[in-house]
Amino acid sequence: MAKIQGTIYCRNIILGSENMEQAGYGEHIAHTVRNVPYEAAIQTEDIAGELAKKFALPYNQAKTITNVKLKRMADKGEIERLQKGIYCHVKQTFFGKVTPTADQVLLKTLMVQNGAKIGYESGASLLNKLGLTTLIPRDIEITTNRYGAKLPEGCHIKLRKPPMPVTDENWKYLQFIDVLMYLPDAHTDAEKPEVLLRQHAKKQQLDYLTLIFTARKYYPQKIVLPLIDLLMEVENETASR
């Protein structure tokens, strides 16, 4: 009898310890979620990585725990699920529940992952930001390593496959060459679009040789000569001053 009671006692201690650990995991996840900026995506992968690091857990175990906790938070209305592995914040106001738009949240997940650049804005919306056109497109085009991602219905984001994997080091070069690629077929109402492009190249401090080598290796050859002509104009402007 004493042996049975001792076994039950030990089992209760183990279960209690496991419950305390589970509570600790849940509290950590909830704390991490609260620290995610309002318009940023709450991503299962990111939070699971933090949990695994904090408690020295295998990643797959941390991801399972994270999935369960985030689903419970969503069921309680504390956060809202946008798609598999991605949630957003919920604010309760006098007029009811408010969340950031899906576009706002998803844009960040398509351009940055674990603090590293994986995508960039491209297409007509970028031309508008650079002052090359006054047209404001309905959809935002994102060139991203996650070009195969499934987006929610009604989302105003279009995905494009990059000519090479996007990194912190190359995205500005790819983006600049993309703009030059779009120009011949795009609606532009800037008087001198080439001047705006040269100014942008200077502002981004782009290395001209890297631009040319990137264009030659990853883009159609028809873009190389216009790129060289544009960069030579930049050099001529600099030399004449």
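Structural data are supplied above this passage.
Residues numbered from 1 in each chain as written. Predicted model: local features only at pLDDT ≥ 70, side-chain atom pairs only at ≥ 80, totals over all residues. Heavy atoms only, no water.

Points about the environment of Leu 227
Note the threshold: Working definition: helices are DSSP H or I runs of at least four residues, strands are E runs of at least two. Numbering for both runs from the N terminus.
Tracing the backbone shows Leu 227 in helix H9 (residues 224–239). In the structure, Leu 227 is positioned 15 residues away from Ile 212 in sequence and 7.2 Å away in space, judged by C-alpha atoms.

Remarks on the pattern of salt bridges
Quick note on the threshold: Salt bridges are identified by distance alone: a Lys or Arg side-chain nitrogen within 4 Å of an Asp or Glu carboxyl oxygen. When a residue's accessible area, from a 1.4 Å probe over protein chains only, is under 20% of the maximum for its type it is buried; when over 50% it is exposed; and in between it is partly exposed.
The tally for this structure, following the rule as stated, stands at five salt bridges. Asp 75 is paired through a salt bridge with Lys 71; the nearest N and O atoms lie 3.0 Å apart. Of this pair, Asp 75 and Lys 71 both sit in helix H3 (residues 59–75), four residues apart, roughly one helical turn. According to the relative accessible area criterion, Asp 75 is exposed, its value standing at 56%. Taking the shortest distance from any N to any O, the salt bridge between Glu 80 and Lys 97 comes out at 3.0 Å. Residue Glu 80 is located in strand E2 (residues 79–83), and its partner Lys 97 is located in strand E5 (residues 96–98); the two are separated by 17 residues in the primary sequence. For Lys 97, a relative accessible area of 52% corresponds to the exposed category.

Some remarks on unusual backbone geometry
Even without a glycine there, the phi angle at Ala 56 is positive, about 55°. Tracing the backbone shows Ala 56 in the loop between helix H2 (44–55) and H3. The phi torsion at Gln 205 lies on the positive side, around 55°, for a residue other than glycine. Along the chain, Gln 205 turns up in the loop between helix H7 (193–203) and helix H8 (208–218).

As for the sheet that holds strand E8 (residues 119–122)
Note the threshold: Pairs of strands are assigned from DSSP output, requiring at least two bridges between the strands. Angles run from 0 to 180 degrees between N-to-C directions of axes, and those axes are lines fitted to C-alpha atoms, restricted for helices to the stretch in contact. We call two residues in contact when some of their heavy atoms are within 4.5 Å.
Here three strands make up an open sheet; going across it, the order is E8-E9-E10 and the pairing mixed. The open sheet has two edge strands with one neighbour each: E8 and strand E10 (157–160). Averaged over all neighbouring strand pairs, the angle between strand axes comes to 30°, with direction disregarded. Sheet topology note: the strand E9 (residues 140–144)/E10 ladder contains four bridges and is parallel. Each bridged residue has a counterpart across the sheet, and for Glu 141 the counterpart in E10 is Lys 158. Against the sheet, helix H6 (residues 171–182) makes contact with E8, E9 and E10, and its axis sits at roughly 25° relative to E8, the strand it touches most.

Notes on the sheet that holds strand E3 (residues 86–89)
Taken together, three strands build an open sheet; the order of strands is E1-E3-E2 and the sheet is antiparallel. Taken across any chain shown, the strands that pair with only one partner, and hence form the sheet edges, are strand E1 (42–43) and E2. By the bridge criterion, two bridges tie E1 to E3 in an arrangement that is antiparallel. Across the sheet, residue Ile 42 finds its bridge partner in E3, namely Tyr 87.

Concerning the packing of aromatic side chains
Two aromatic rings, taken as a pair, are described by how far apart their centres are and by the angle between their planes. Let me state the cut-off plainly: Any two rings among Phe, Tyr and Trp, with Trp reduced to its six-membered ring, count as a pair given centres within 6.5 Å; such a pair is stacked if its planes are under 30 degrees apart, edge-to-face if over 60, and tilted if neither. Remark: a charge is flagged as sitting over a ring if the NZ atom of Lys or the CZ atom of Arg is within 6 Å of the ring centre and within 35 degrees of the ring normal.
Under the definition given, this model contains one aromatic pair. Seen from their ring centres, Tyr 25 and Phe 55 are 4.9 Å apart, and the 80° between their planes marks the pair as edge-to-face. Taken as a pair, Tyr 25 in helix H1 (residues 2–34) and Phe 55 in helix H2 lie far apart in primary sequence, 30 residues in all. Take Tyr 25: its relative accessible area is 6%, and that puts it in the buried class. Its end group placed over the ring of Tyr 38, Lys 91 keeps NZ or CZ at 4.2 Å from the ring centre. Here Lys 117 stacks its cationic end above the ring of Trp 171, 4.3 Å away from the centre of that ring.

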